[in-house]
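Per-entry structural report
If you want the building blocks of each chain, they are given just below.
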Amino acid sequence: AAEEEGHEGFLINSATAYTVSGFSDDAALRHEIYEATTNIASVGDYDNTPLMTEMLQLRREFAELTGFKDYADFMTRDRMAKTGENAQNFIEDILARTAPTRKKEAAEFADFHEATTGSRTVDDADAGYYARLFDETKTGFNPEKVRPYFEMDRVVDTAFDLIHQLFGARIE
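Residues numbered from 1 in each chain as written. Predicted model: local features only at pLDDT ≥ 70, side-chain atom pairs only at ≥ 80, totals over all residues. Heavy atoms only, no water.

**Focus on the overall build of the protein**
Assigned secondary structure in the protein consists of eight helices and zero strands. Along its sequence from the N terminus, the protein presents helices and strands in the succession α-α-α-α-α-α-α-α. Among the 172 residues that make up the protein, the fraction classed as buried is 13%. Summed over its atoms, the accessible surface of the protein is roughly 13,400 Å², and 57% of this surface lies on carbon and sulfur atoms. (Helix = DSSP H or I, 4+ residues; strand = E, 2+ residues; numbered from the N terminus. Buried < 20%, exposed > 50% of the residue type's maximum accessible area, 1.4 Å probe, protein only. Areas by Shrake-Rupley, 256 points an atom, 1.4 Å probe, with all protein chains shown as cover.)

Here it is in structure tokens:
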């Protein structure tokens, strides 16, 4: 697609960024993709920080004008949480309950990274790559080995069949 627009390489989107960050053995490429994706809307001509600031201000004003404490309360009014505070409490509860497991897994990952690279510190750009290697080492599962069993046309057909069975809708 990039070549069609007169560029060399490929367009960066979440799918390509995920694939490169998790599967590329080239650390320099992982870093380049990481920098490109993390700065995509916050530097140079494409910096939309002022737009985001204005959007947040307008959301706050909208919530106040419609009788809500804040925009989170507006967004959660018809959902199970009902309020932004309840949603925040739910997140904090999950974090507290999972903290011991997350801490244990983080230590295991740091041990693995140290054994692999000599450092316990994982660079953000390399986190996906080493997380995949860690998972493969820990579980023996390699997602690339199952790829042949999920041929695109078959996956799409199966998804359409499932939609038809569940909702009676036909996609052609």
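That was the structure; now back to the text.
**Considering the packing of helix H1 (residues 14–23) against helix H6 (residues 127–139)**
With their axes 6 Å apart at the nearest point, H1 and H6 run at an angle of 60° to one another. Comparing the axis directions of H1 and H6 gives the class oblique. The two elements H1 and H6 cross, and the hand of that crossing is right-handed. Packed against H1, whose contacting residues are Ser21, Gly22 and Phe23, the element H6 presents Gly128, Tyr129 and Arg132 at the interface. Its residues placed into classes, the contact of H1 with H6 shows two nonpolar, three polar and one charged. (Axes fitted to C-alpha atoms, helices over the stretch in contact; angles between N-to-C directions. Parallel < 35°, antiparallel > 145°, perpendicular 65-115°, else oblique. Left-handed = near helix turned anticlockwise from the far one by under 90°. Contact = heavy atoms within 4.5 Å. Nonpolar A, V, L, I, M, F, W, Y, C, P; charged D, E, K, R; others polar.)

**Some details on the pattern of salt bridges**
Here the structure, examined in full by the defined rule, presents nine salt bridges. The salt bridge partner of Asp126 is Arg30, with a shortest N-O separation of 3.0 Å. A residue pair is termed long-range when its members are at least 10 positions apart, and Asp126 in the loop between helix H5 (84–117) and H6 and Arg30 in helix H2 (residues 27–38) qualify at 96 residues. In terms of burial, Asp126 and Arg30 fall into one category: buried. (Salt bridge = Lys/Arg side-chain N within 4 Å of Asp/Glu carboxyl O.)

**Focus on helix H3 (residues 49–65)**
Each α-helix winds once per 3.6 residues, and so residues spaced three or four apart point in a common direction. Between the first and last C-alpha of H3 there are 24 Å, a value that for 17 residues agrees with the 24 Å anticipated at 1.5 Å per step. One or two positions beyond H3, positive phi appears at Gly67, with a value near 90°. (Expected span 1.5 Å × (residues − 1).)

**Here's the deal with the packing of H5 against H6**
With their axes 10 Å apart at the nearest point, H5 and H6 run at an angle of 100° to one another. Regarding the angle of H5 to H6, the classification is roughly perpendicular. Each of Glu108, Phe109, Phe112, His113, Thr116 and Thr117 in H5 lies in contact with H6, whose residues at this interface are Ala127, Tyr130, Ala131, Leu133, Phe134, Thr137 and Lys138.

**Brief notes about a negative patch on the surface**
A cluster of acidic side chains, namely Glu151, Asp153, Asp157 and Asp161, defines a negative patch on the protein surface. Along the chain, the position of Asp157 falls in helix H8 (residues 152–167). (Patch = residues over 30% accessible without salt bridge, like charges linked within 9 Å, V, L, I, M, F, W, Y side chains within 5 Å. Lys, Arg positive; Asp, Glu negative; His and termini not counted. Charge placed at Lys NZ, Arg CZ, Asp CG, Glu CD.)

**Re the side chain of Asp73**
Structurally, Asp73 can be placed in helix H4 (residues 71–76). For the buried residue Asp73, which engages in no salt bridge, the nearest side chain bearing the opposite charge is Lys69, 4.6 Å off. Here Gly84 takes part through its backbone nitrogen, which lies 2.6 Å from a polar atom of the side chain of Asp73. In this view, Asp73 contacts Phe68, Lys82, Thr83, Gly84 and Glu85; residues no more than four positions away in its chain are not counted. (Polar contact = N/O pair within 3.5 Å; in protein donor to acceptor, adjacent residues only side chain to side chain.)

**Thoughts on the packing of aromatic side chains**
A full pass over the atoms with the stated rule returns six aromatic pairs. Both rings, one in Tyr71 and one in Phe74, keep their centres 5.5 Å apart while their planes meet at 40°; by these two values the pair is tilted. In this pair, Tyr71 and Phe74 are both assigned in helix H4, three residues apart and thus about one turn of the helix distant. In this structure Tyr71 comes out as partly exposed when scored by relative accessible area, which is 23%. With a centroid separation of 5.6 Å and an interplanar angle of 75°, the aromatic rings of Phe109 and Phe134 are classed as edge-to-face. One end of the pair, Phe109, is in helix H5; the other, Phe134, is in helix H6, and 25 residues separate them in sequence. Phe134 carries the same exposure label as Phe109, and that label is buried. Each member of the aromatic cluster is reached from another via a ring pair, and the members are Phe62, Phe68, Tyr71 and Phe74. (Phe/Tyr/Trp six-rings, centres within 6.5 Å; stacked < 30°, edge-to-face > 60°.)

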